[in-house]
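# Inside the fold
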Number of protein chains: 2
Amino acid sequence: MSRRTNIQAAARLTPIFLAILALCIPAALLAQRTEGKDPLPSWRDGQAKLAILDFVREVTDKSGPKYVKPEERIAAFDDDGTLWTEWPRHINQIQIAFARQRVKQAAKNHGEWKYQQPFKAILDDDDKALALALTDFWNKLDLLRETHGGMTVDEFGATVRAFLATAKHSTFKAPYTEVTYEPMLELLALLRANEFKVYVVTSAGADFIRELSERAFGIPRECVIGSTPEYEYRETPAGGGYLFRKANVDILNDRSAKAENIQLHVGRRPIFVAGNNDNDLEMMGLAAGGKNPFLNLLIRHDDAEREFAYEDNSAKALEKFRSRNWTTVSMKNDFKVVLSFREE
Amino acid sequence: MSRRTNIQAAARLTPIFLAILALCIPAALLAQRTEGKDPLPSWRDGQAKLAILDFVREVTDKSGPKYVKPEERIAAFDDDGTLWTEWPRHINQIQIAFARQRVKQAAKNHGEWKYQQPFKAILDDDDKALALALTDFWNKLDLLRETHGGMTVDEFGATVRAFLATAKHSTFKAPYTEVTYEPMLELLALLRANEFKVYVVTSAGADFIRELSERAFGIPRECVIGSTPEYEYRETPAGGGYLFRKANVDILNDRSAKAENIQLHVGRRPIFVAGNNDNDLEMMGLAAGGKNPFLNLLIRHDDAEREFAYEDNSAKALEKFRSRNWTTVSMKNDFKVVLSFREE
């Protein structure tokens with residue numbers, strides 16, 4: 001009788017108990033498991049990794065002096081050369097690769113391109129001439145206007161998706177969405193797990209990057225701050241509204257514009273900024289000028305073996321990081337793995 | 001002995017059991033309770049309420065033909081006259097009330113204002129002259145430039161917060177953040193509970209509205225799309241970066257600009273749009289031109305007793321809503337309660 005009662009009591013409790021356990025325990029176990037795990041396994045131990053982990057711990061420690069409320073945890077990441085590979089730009093930068101394809105597709109309607117740079121270089125497959133032509137700002141603008149404008153927002157999105165479906169990176173022969181830096185994706189995940197709101201702040205076209213930002217970086221469309229043409233609201237005769245992309249560049253989101261457009265879109269200073277050259281210094285300055293603790297990261301391309309070694313536009317940034325004692329990241333020394341698709 | 005064993009067993013289980021119960025049950029109960037509850041208690045039963053509840057049910061029903069994925073559930077709300085009261089504009093529209101205060105504070109440094117509209121009317125406390133002066137677009141622009149520009153983003157934020165700390169609505173004698181429409185706040189909460197991302201899309205200054213959007217509407221700073229001056233990135237001699245608001249209006253976020261700037265900020269068409277006059281038609285057209293189901297709402301100011309009766313800029317909107325069979329909301333008939341602070 002005593003045993004029976006006992007068993008009956010247990011039997012009565014068991015289903016509810018198990019159901020509740022099933023609901024609660026996995027979450028608890030998961031939290032425990034994550035705590036013990038290295039959140040940045042593709043980073044080698046060193047100053048950069050330590051600076052990141054310290055910063056994240058400090059700004060999320062409610063009882064500490066450096067605590068920052070979740071809504072103020074804004075992170076801004078450059079993309080080209082910071083989240084994924086871009087070198088050499090006239091060949092591998094994704095938007096130039098897209099423009100090259102578009103120029104070849106549309107060449108039959110543009111006889112004048114045979115004589116006009118940078119179109120001529122693209123049609124001649126002359127990479128050297130193209131690299132030279134694109135050092136001219138107006139040539140670059142012409143290329144963007146001709147290949148990214150003069151169509152609706154919906155048409156442009158479809159064109160970019162068609163490009164992404166088959167395009168491969170010339171050097172690494174992988175889809176563009178997989179030539180990301182694995183350590184940087186881990187960093188994005190770490191920040192998100194700690195209630196940071198992460199933005200990509202790019203000089204590339206916002207609507208272009210939006211077609212891949214979720215897949216490549218885990219960043220939703222509305223968190224992409226980039227360059228844009230003028231949009232023009234129009235209506236079909238039947239009354240359906242749509243947006244037309246004019247053949248111009250209305251917002252060129254680079255250098256000081258990156259800082260200014262963070263204000264336009266977010267209305268807060270970032271507290272975490274990552275970039276790879278002088279064009280990212282102003283958004284780093286914005287982080288440094290605020291009242292909150294901040295971390296600025298400069299990614300250095302110093303690994304000719306696993307990626308590329310170049311620092312063509314980083315003189316000011318290197319000097320600033322040195323004098324301010326900000327944190328630089330050596331791809332050669334700080335990254336255990338470089339490119340995501342390799343899963344080295 | 002049998003009882004003791006029983007009790008011991010129960011005693012062993014109880015603390016864990018209670019702890020787990022404490023964790024799990026409130027959530028389950030809450031979900032159950034919310035399901036049976038009217039999510040729009042301040043709305044009278046009628047076509048508008050029905051249209052809203054039907055729409056939200058349909059786009060969130062995964063097995064239904066009108067399902068819309070959460071990331072595409074973008075809602076865009078005008079604010080003045082849609083989320084809160086704005087009439088008569090030259091007195092009660094919050095940004096004009098702010099500008100009036102700023103003009104009086106700064107008058108001693110601006111001798112010329114004694115002779116110049118709309119400043120003269122403000123200094124003379126001549127509401128009739130001010131109403132007339134502000135019908136001129138350039139006068140309105142002058143007022144905004146003088147009172148909202150020529151200072152840093154941080155200084156402007158502090159000025160707006162100081163204004164909000166004491167300002168009261170002239171007619172209703174309540175803080176501005178409480179002259180919201182209670183039924184509309186319930187609607188915002190309903191949409192958020194159903195994984196909509198809600199933006200306020202306003203012709204008012206983005207940085208102004210950001211100082212109150214969370215408190216008044218539950219909308220975070222980064223979800224405010226509004227008018228802005230040109231921002232200019234600057235650095236202090238010590239090297240701290242900050243943003244300066246130039247004394248101009250760079251983005252005037254009204255009419256077609258509302259649709260265009262939804263693309264700039266969000267990169268998606270809205271599927272739910274609410275406004276109160278012709279200036280909101282383009283963003284409604286953008287919703288209507290997409291492939292997803294959509295709901296456009298027009299708030300009609302027809303309640304002279306509880307608020308104001310006016311439709312000074314709604315002729316096109318009324319005709320469009322009639323011909324398309326879109327959903328209008330009569331504040332008189334559809335709202336059980338109007339203003340939040342009254343808790344009628």
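Calculation rules
Residues numbered from 1 in each chain as written. Chains lettered and ligands numbered in written order. Predicted model: local features only at pLDDT ≥ 70, side-chain atom pairs only at ≥ 80, totals over all residues. Heavy atoms only, no water. Helix = DSSP H or I, 4+ residues; strand = E, 2+ residues; numbered from the N terminus. Buried < 20%, exposed > 50% of the residue type's maximum accessible area, 1.4 Å probe, protein only. Contact = heavy atoms within 4.5 Å. Areas by Shrake-Rupley, 256 points an atom, 1.4 Å probe, with all protein chains shown as cover. Axes fitted to C-alpha atoms, helices over the stretch in contact; angles between N-to-C directions. Parallel < 35°, antiparallel > 145°, perpendicular 65-115°, else oblique. Left-handed = near helix turned anticlockwise from the far one by under 90°. Patch = residues over 30% accessible without salt bridge, like charges linked within 9 Å, V, L, I, M, F, W, Y side chains within 5 Å. Salt bridge = Lys/Arg side-chain N within 4 Å of Asp/Glu carboxyl O. Pairing = 2+ DSSP bridges. 1 Å grid on protein atoms, 1.4 Å probe; cavity = no way out; pocket = protein on both sides within 12 Å on 5 of 7 lines; lining within 4 Å. Points joined across faces, edges and corners; volume = space filled by probe spheres on them. Nonpolar A, V, L, I, M, F, W, Y, C, P; charged D, E, K, R; others polar. Polar contact = N/O pair within 3.5 Å; in protein donor to acceptor, adjacent residues only side chain to side chain. pLDDT = per-residue confidence, 0-100.

Our next topic: the overall build of chain A. Scanning chain A from terminus to terminus reveals 15 helices and 9 strands. Looking at chain A as a whole, 52% of its 344 residues qualify as buried. By sequence separation, contacts in chain A at least 24 residues apart represent 67% of the contacts at least 6 residues apart. In the form shown here, chain A has an accessible surface area of approximately 15,800 Å², with 52% of it arising from carbon and sulfur atoms.

The next point concerns the packing of helix 13 (residues 281–288) of chain A against helix 14 (residues 315–324) of chain A. Residue and element names in this part refer to chain A. Running from amino to carboxyl end, helix 13 crosses helix 14 at an angle of 20°, the nearest separation of the two axes being 11 Å. With respect to helix 14, the axis of helix 13 lies roughly parallel. Handedness of the crossing formed by helix 13 with helix 14: left-handed. Side by side, helix 13 and helix 14 meet where Leu281, Met284 and Ala288 of the first sit next to Lys316, Ala317, Lys320, Phe321 and Arg324 of the second.

So, on to a nonpolar patch on the surface. On the surface, Phe137, Trp138 and Leu252 of chain A cluster together into a nonpolar patch covering about 340 Å² of accessible area. Positionally, Phe137 of chain A belongs in helix 7 (residues 137–148).

Within helix 13 (residues 281–288) of chain B, 8 of the 8 residues are buried, leaving the element largely enclosed by the surrounding structure. The set of residues buried in helix 13 of chain B consists of Leu281, Glu282, Met283, Met284, Gly285, Leu286, Ala287 and Ala288 of chain B.

Residues and elements named next belong to chain B. Extensive coverage of strand 3 (residues 197–205) is indicated by the burial of 7 of its 9 residues. As defined by bridge partners, strand 1 (residues 74–77) adjoins strand 3 across 4 bridges and the pair is classed as parallel. Its bridge partner being in strand 3, Ala76 is matched across the sheet by Tyr199. Pairing geometry for strand 3 and strand 4 (residues 224–227), over 3 bridges, is parallel. Paired with Val201 across the two strands is Ile225, which belongs to strand 4.

All names here are of chain B. Evaluation of the coordinates by the stated rule reveals 3 cavities of 30 Å³ or more. Quantified by volume, the largest cavity comes out at close to 130 Å³. In terms of lining, the largest cavity is formed by 15 residues, of which the most central are Gln95, Leu144, His148, Arg245 and Val249. Only helix 7 (137–148) and strand 3 provide two or more residues apiece to the lining of the largest cavity. Grouping the constituent residues of the lining of the largest cavity by class yields 4 nonpolar, 8 polar and 3 charged.

Counting across every chain of the model gives 52 salt bridges over all chains. Through salt bridges with shared partners, one network takes in Glu230, Glu232, Arg234 and Lys246 of chain A.

As a further point, take the sheet that holds strand 5 (residues 231–235) of chain A. Residue and element names in this part refer to chain A. Read across the sheet, 3 strands follow the order 2-6-5 without closing on themselves; strand pairing throughout is antiparallel. Strands at the two margins of the open sheet, each flanked by one partner only, are strand 2 (151–152) and strand 5. Sheet topology places strand 2 next to strand 6 (residues 241–245); 2 bridges connect them, and they run antiparallel. The residue of strand 6 that forms the bridge with Met151 is Arg245.

Right, let's talk about the environment of Leu144 of chain B for a bit. Among the secondary structure elements, Leu144 of chain B is positioned in helix 7. Taking the C-alpha atoms as reference, Leu144 of chain B lies 25 Å from Gly241 of chain B; in sequence the two are 97 residues apart.

Once that is clear, we can look at unusual backbone geometry. A cis amide bond links Gln117 of chain A with the next residue in sequence, Pro118 of chain A, at an omega value of 5°. With respect to the helices and strands, the residue Pro118 of chain A is situated in the loop between helix 4 (94–106) and helix 5 (119–123). The phi dihedral of Asp125 of chain B falls on the positive side, at around 55°, and the residue is not glycine. On the basis of relative accessibility, which here comes to 48%, the residue Asp125 of chain B falls in the partly exposed class.

Now for the environment of Asn292 of chain B. All names here are of chain B. Structurally, Asn292 can be placed in the loop between helix 13 and strand 8 (295–300). Given a relative accessible area of 26%, Asn292 falls into the partly exposed group. Every residue in contact with Asn292, bar those within four places of it in the chain, is listed here: Val68, Glu72 and Ile271. A polar side-chain atom of Asn292 sits 3.0 Å from a polar atom in the side chain of Glu72.

Quick look at the confidence of the model for chain A now. All names here are of chain A. In the predicted model, chain A carries a mean pLDDT of 91, and the fraction of residues at 70 or more is 89%. Throughout residues 1–11 the model reports pLDDT below 50, and contacts reaching past four residues in sequence, or to other chains, amount to 6 contacts. Contacts from residues 24–33, a stretch scored under 50 in pLDDT, to residues over four places away or in other chains number 4 contacts. The ipTM value of the predicted complex is 0.89, and its pTM value is 0.89.

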